[in-house]
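Structural description and commentary
The primary structure of each chain is shown beneath.
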Amino acid sequence: MELLHIPLDYFPGQFIRAGKKIPDDFTFFIRSDDLAKLNLTDTQDKLVRAGGSVAKELTVKIDTEIKVGRALICSVFKNQLLSISMRIPKPPVASTQPARVDVSDWSTTFTASSDRGDFLNSLQELTNVLADEIFVDDAALRSELSGLLVITGATASAKSQITRGLIESHLKAVVKESRTRRPHFVAVEDPVEVYFGPKSCDIDDFLRNVETTDEPVVIPSHKLLIDYSPRLLTDCCDLSGAVADAKRQTPKVFMFGEAREETDWEHLLRFAGSGHFVVTTAHAGSLIEALQLVFRALKAESPSRRSAIASRILGVIHLRRETIGKKMVLMPTLWRRSLKGINDLTALGYSGVLPSNGTDKQNSTLGRRYFAEKLVTLARKSGETISGIDSIETDLIRKAIKFDLNGE
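Attention here is on the structure that accompanies the text. (Residues numbered from 1 in each chain as written. Predicted model: local features only at pLDDT ≥ 70, side-chain atom pairs only at ≥ 80, totals over all residues. Heavy atoms only, no water.)

1. Here we look at the overall build of the protein
Helix and strand content of the protein: 13 helices and 13 strands. Taken over the C-alpha trace, the protein has a radius of gyration of 23 Å; the compact-globule value for 408 residues is 22 Å, and the two agree within 12%. The C-alpha extent of the protein, read off along each of the three principal axes, is 70 × 50 × 40 Å. For the protein, with 408 residues in total, the buried portion stands at 54%. (Helix = DSSP H or I, 4+ residues; strand = E, 2+ residues; numbered from the N terminus. Rg over C-alpha atoms; globule rule 2.2 N^0.38 Å. Buried < 20%, exposed > 50% of the residue type's maximum accessible area, 1.4 Å probe, protein only.)

2. Considering the sheet that holds strand E4 (residues 65–76)
Strand order in the open sheet formed by five strands is E1-E3-E4-E5-E2, and the pairing between neighbours is mixed. Looking along the sheet, the strands with just one partner apiece sit at the ends: strand E1 (4–6) and strand E2 (25–31). The mean angle between the axes of side-by-side strands here comes to 40°, regardless of whether they run parallel or antiparallel. Across seven bridges, E4 lies against strand E5 (residues 81–87) in antiparallel orientation. Pairing of Val76 across the sheet is with Leu81, part of E5. (Pairing = 2+ DSSP bridges. Axes fitted to C-alpha atoms, helices over the stretch in contact; angles between N-to-C directions.)

3. Observations regarding the pattern of salt bridges
Under the counting rule described, the total for this entry stands at 21 salt bridges. Between Lys399 and Glu322 there is a salt bridge, and its shortest N-O distance comes to 3.0 Å. Here the residue Lys399 occupies a position in helix H13 (residues 389–406), and Glu322 occupies one in strand E11 (residues 313–324), the gap between them amounting to 77 residues. Residue Lys399 is classed as partly exposed on the basis of its relative accessible area of 29%. (Salt bridge = Lys/Arg side-chain N within 4 Å of Asp/Glu carboxyl O.)

4. Quick word on the packing of aromatic side chains
By the definition in use, this model includes 16 aromatic pairs. Both rings, one in Tyr10 and one in Phe11, keep their centres 5.9 Å apart while their planes meet at 90°; by these two values the pair is edge-to-face. Classification of Tyr10 by relative accessible area gives buried; the value is 5%. Residue Phe11 is classed as buried on the basis of its relative accessible area, which comes to 7%. Ring plane angle 85° and centroid distance 6.0 Å describe the contact between Phe135 and Phe277, whose orientation is recorded as edge-to-face. Taken together, the residues Phe135 in the loop between helix H2 (123–134) and helix H3 (139–143) and Phe277 in strand E10 (residues 277–283) connect sequence positions 142 residues apart. Of the two residues examined, Phe135 and Phe277, each falls in the buried class. Put simply, the rings of Phe77, Trp106, Phe110, Phe185, Tyr195, Phe196, Phe206 and Tyr228 touch in pairs and so form one group of aromatic residues. The cationic tip of Arg182 hangs over the ring face of Tyr10; the distance from NZ or CZ to the ring centre is 5.0 Å. (Phe/Tyr/Trp six-rings, centres within 6.5 Å; stacked < 30°, edge-to-face > 60°. Lys NZ or Arg CZ within 6 Å of the ring centre and 35° of its normal.)

5. With respect to the side chain of Asp404
Topologically, Asp404 is positioned in helix H13. The contact partners of Asp404, leaving out residues within four places of it in the chain, are Leu354, Pro355, Gly367, Arg368 and Arg369. (Contact = heavy atoms within 4.5 Å.)

6. Some points on the nonpolar core
In terms of nonpolar packing, the biggest core is built from 74 residues, with Phe28, Leu38, Leu166 and Phe185 touching the most fellow members. Counting residues per element, this core draws most heavily on H2, at six residues. Those residues in contact with Phe28, other than ones at most four positions away along the chain, are Leu4, Ile6, Tyr10, Leu58, Val60, Leu82, Ser83, Ile84, Met86 and Pro216. Ranked by size, the runner-up nonpolar core spans 35 residues in total, among them Val186, Phe256, Leu268 and Leu291. (Core = buried A, V, L, I, M, F, W, Y, C linked by side-chain atoms within 4.5 Å.)

7. Comments concerning a nonpolar patch on the surface
A contiguous nonpolar surface patch, about 230 Å² in accessible area, is contributed by Leu3, Ile66 and Val68. Checked against the element boundaries, Ile66 lands in strand E4. (Patch = residues over 30% accessible without salt bridge, like charges linked within 9 Å, V, L, I, M, F, W, Y side chains within 5 Å. Areas by Shrake-Rupley, 256 points an atom, 1.4 Å probe, with all protein chains shown as cover.)

8. Let's talk about the packing of H2 against helix H12 (residues 368–381)
Between two packed helices, both the angle of their axes relative to each other and the distance between the axes serve to describe the pair. For the pair H2 and H12, interaxial distance at closest approach is 11 Å and the crossing angle is 135°. In terms of orientation, H2 and H12 fall into the oblique class. As for the relative orientation of H2 and H12, their crossing is right-handed in sense. When H2 is examined against H12, the residues Glu125, Leu126, Val129, Leu130 and Glu133 are found in contact with a partner set consisting of Tyr370, Phe371, Lys374, Leu375 and Leu378. In terms of residue class, the contact of H2 with H12 is made up of seven nonpolar, no polar and three charged. (Parallel < 35°, antiparallel > 145°, perpendicular 65-115°, else oblique. Left-handed = near helix turned anticlockwise from the far one by under 90°. Nonpolar A, V, L, I, M, F, W, Y, C, P; charged D, E, K, R; others polar.)

Put into C-alpha cells, the structure is as follows:
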C-alpha cells in the first residue's frame, strides 16, 4: 500500500530544529474519505467512523524519509477531516534553537472585540486584565501551564467571548516561544460556537471545499502556526472519549464548551491534574457557587480532598453584568491557584474564598472592587468622552464592595 506522503513544507520552518529536518511530535490532517489510506482493520475503521478513535503504529513518508511512530487517529471538523497526532521515538538532540515566532500581527476569530458599545469597557480590555492576573510572565512556565480554568456567570455575561479571548492570549504566548511543533488546540463543543482561525478566514467555505484540497490538508489555523482539532460530541462519542484521545494529542489547550454534568468535572480535573491546561465554562450565580459546583461534584467533603482538588484548578472566574448609570459593566471576580489560596480553601472552606482586602493584588481571590478600579482607570485612559464617569465610578465601587462583602 502506498504510504501517506507529507511534504516538508507542511511544517513551519521556524519549528524545525537545527540539525534535523523533521519534528518528532506533530499533527496532520487528511480527509475522512481517505480513511482507507491508513490501513486500519475493519474494527478500527468502524470505530473511527462511529466517532471513536484508534491508536496504532503508523508509517508515513515525510519529504524523502520514511518515519514510523505511534499515532492517535480521530475525526474532527464535523467528521469531514481526520486529525492524526504522531510521535516518532528517540528524536535526535537539537544543537541550536530557531528564532522566536513573530505574533505581533495576530488577529483571529477568537480575538475579543475592542468596541465598547454600551459597555464601560471593551471585551478586549477585560480579557487583557484577566489574562494579566491568571497567566505567568515567564515564557518557559507559560508553555508548560497546567490546571483547570473555569469561566462562569449567568446567561449573557459574555462567558464564551472571554473564554475565547483568554485561550487566544495563551496560544499567542505559546506560539511565540514554540520550537519543535505547532501547538495543538483541541476543542470539544456541541455545537461549535466559533471555529478558531485567522480573522479573515471563512470556515464554512473551507469545509465546503475540503474535497478539493491537497493532502495532507492545510487547515485555516495553520496560518497562525496552530494545529486545531474542533470536535463535536459525535466526533468523539463523549467527554471521556475526548479526554482519552487528548492524552495522545499533546494539546497546549484543551477546551470543553460547557460543563453541565457532575461527571464532566471529574474528567476535566483528572486531565488537568496530569499536566494539561484545560478550559471550560459553567453557569453559576457567584464565585462561591462556581467552586461549589466543582467540589460537590467530586464529593470534596474533607480538607485533604479539597486540597487535592484545589491544586488542580488554575483559576475560577465569575462574571457579573450590571447597569451603572447609562453604561453596562462586566464585573469579574477571580480565585487563582496559589499556596495561600489552596491553604485557605482547605482550612476555611468557601469562606476562605472571600477577598480579605479588595485592592490587594497578592490575594488569591481578587474581588470585584479590585477589578472595578482597574476597569474605570482603563475607561478614563481610553480617550473617549464618557458621560457621568465620576458618578459611574462611585456607584461601581460601592456595588463592587457590597458584592465582595456578601460573596456575590
